[in-house]
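A closer look at the structure
What follows is each chain in one-letter form.
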Amino acid sequence: MSDDNSITVDVVSDVVCPWCFVGQRRLDKAIAAAGGVQVHVRWRPFQLDPTIPPEGKDRREYMLAKFGSDERIRQMHARVEPLGEAEGINFAFDAIKVAANTLDAHRVIRWAGAAGEAVQNRLVRRLFQLYFEKGGNIGDHAVLIDAAREAGMDAAVVETLLPTDADVEEVRTEIATASRMGITGVPCFLLEGKYAVMGAQDADTLTDAIRQVAAAKAKGELEKAG
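What comes next is a walk through the structure.

Cut-offs used in this document
Residues numbered from 1 in each chain as written. Predicted model: local features only at pLDDT ≥ 70, side-chain atom pairs only at ≥ 80, totals over all residues. Heavy atoms only, no water. Helix = DSSP H or I, 4+ residues; strand = E, 2+ residues; numbered from the N terminus. Rg over C-alpha atoms; globule rule 2.2 N^0.38 Å. Buried < 20%, exposed > 50% of the residue type's maximum accessible area, 1.4 Å probe, protein only. Areas by Shrake-Rupley, 256 points an atom, 1.4 Å probe, with all protein chains shown as cover. Lys, Arg positive; Asp, Glu negative; His and termini not counted. Charge placed at Lys NZ, Arg CZ, Asp CG, Glu CD. 1 Å grid on protein atoms, 1.4 Å probe; cavity = no way out; pocket = protein on both sides within 12 Å on 5 of 7 lines; lining within 4 Å. Points joined across faces, edges and corners; volume = space filled by probe spheres on them. Nonpolar A, V, L, I, M, F, W, Y, C, P; charged D, E, K, R; others polar. Core = buried A, V, L, I, M, F, W, Y, C linked by side-chain atoms within 4.5 Å. Contact = heavy atoms within 4.5 Å. Phe/Tyr/Trp six-rings, centres within 6.5 Å; stacked < 30°, edge-to-face > 60°. Pairing = 2+ DSSP bridges. Axes fitted to C-alpha atoms, helices over the stretch in contact; angles between N-to-C directions.

Some remarks on the overall build of the protein
- Each helix and strand counted, the protein has 10 helices and 6 strands in total.
- Compactness check: the protein gives a C-alpha radius of gyration of 18 Å against a globular reference of 17 Å for 226 residues, within 12% of the reference.
- In the protein, which comprises 226 residues, the proportion classed as buried is 46%.
- Total accessible area computed for the protein in this model is approximately 11000 Å², and 50% of it derives from carbon and sulfur atoms.
- One way to put it: in the protein the 27 positive side-chain charges average out to a point 3 Å from where the 34 negative ones average out.

Re the layout of surface pockets
- In this structure, the largest pocket encloses a volume near 510 Å³.
- Elements supplying a minimum of two residues to the lining of the largest pocket: α1 (18-33), α2 (59-67), α3 (70-86) and α5 (117-132).
- Ranked by residue count, the leading element in the lining of the largest pocket is α2, at 5 residues.
- Asp58, Arg59, Arg60, Met63, Asp70, Ile73, Arg74, His77, Phe93, Asp94, Ile96 and Lys97 together form the lining of the second largest pocket.
- Mapped onto the lining of the second largest pocket, the elements with two or more residues apiece are α2 and α3.
- Ranked by residue count, the leading element in the lining of the second largest pocket is α3, at 4 residues.
- A breakdown of the residues in the lining of the second largest pocket according to their chemical character gives 4 nonpolar, 1 polar and 7 charged.

A word on the nonpolar core
- In terms of nonpolar packing, the biggest core is built from 63 residues, with Ile7, Val108, Leu123, Leu127, Met153, Leu191 and Ile210 touching the most fellow members.
- Top element by residues in this core is α5. It accounts for 8 residues.
- Once residues within four sequence positions are removed from consideration, Leu127 is found in contact with Val15, Ala105, Ile109, Ile138, Leu144 and Ala147.
- Membership of the second largest hydrophobic core comes to 6 residues, among which are Ile52, Tyr62, Met63 and Ala99.

Some thoughts on the packing of aromatic side chains
- By the definition in use, this model includes 8 aromatic pairs.
- Measuring from centroid to centroid gives 5.0 Å for Phe91 and Phe93, while their planes differ by 10°, and the two rings are stacked.
- Here Phe91 falls in the buried class, since its relative accessible area comes to 12%.
- Of the residues examined, Phe93 reaches a relative accessible area of 4% and is grouped as buried.
- When the ring of Tyr131 is compared with that of Phe132, the centres are 4.9 Å apart and the planes differ by 85°; the resulting orientation is edge-to-face.

A look at the environment of Ala86
- Along the chain, Ala86 falls in helix α3.
- On the basis of relative accessibility, which here comes to 55%, the residue Ala86 falls in the exposed class.
- Between the C-alpha atom of Ala86 and that of Ser13, which follows or precedes it by 73 residues, the distance is 20 Å.

Some words on unusual backbone geometry
- The peptide bond linking Val186 to Pro187 adopts the cis configuration, its omega dihedral lying at 5°.
- In this structure, Pro187 sits in the loop between α8 (168-180) and β5 (188-191).
- Phi is positive for Asp167, which is not a glycine, with a value near 65°.
- Take Asp167: it is sitting in the loop between α7 (155-161) and α8.
- Accessibility expressed as a relative area gives 21% for Asp167, which makes it partly exposed.
- Despite not being glycine, Glu192 shows a phi value in the positive range, around 55°.

A few points about the sheet that holds strand β6 (residues 195-198)
- Taken in spatial order, the 4 strands make up an open sheet running β2-β1-β5-β6, and their pairing is mixed. Unpaired on one side and paired on the other, β2 (38-45) and β6 mark the two borders of the sheet. Between one strand axis and the next, the sheet turns through 25° on average, direction left out of account.
- Pairing of strand β1 (residues 6-13) with β2, which is carried by 8 bridges, proceeds in the parallel orientation. Counted as the bridge partner of Ser13 is Pro45 from β2.
- Across the face of the sheet, helix α9 (residues 203-218) comes into contact with β1, β2, β5 and β6 while running at roughly 135° to β1.

Have a look at this one:
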């Protein structure tokens, strides 16, 4: 397949965002439905709350402070649970004990990207599953190292780098860049760095966007638009 029929999708997301997990599953469906278009996916960092300390916070206390009542939290969960179920996600919100700071998770995702697109995709999927379906603390280094190993990364390298400041500034810069681009919520799907699809849109919407951008690229129209 020629590069003329391939596009890159940068997914700006946070691994503690339930809508991003739904969006990841829908993107998978959209890519499968787009048929002849080869889609390269890259995961870009975003932090819903960078003020959470590195050790995390008690999730129930954190959610109560943020949303005010158990009832509001239940309503929020009830909105996303059936959407997740439709995508094969078994949200287990009650199992999540720690609201994690995701900076270190994003660093590992960045390193996974250097190991290859497939490795990065596997890692992101695993982190979503660990947090939302298993209640795992994805701010914990041991959890991140295990996830990296499962994704096919060199766990020894990850174990060595995590306690250091490696790529902390680079990840923060990427997050700041997303903010300057006007991205205030996630997921955001950036197609060929030019067209943004905001939110966890249904798979059909994403498929249409992929096909349209691929067709425009094949005709050389993206360069003109840029």
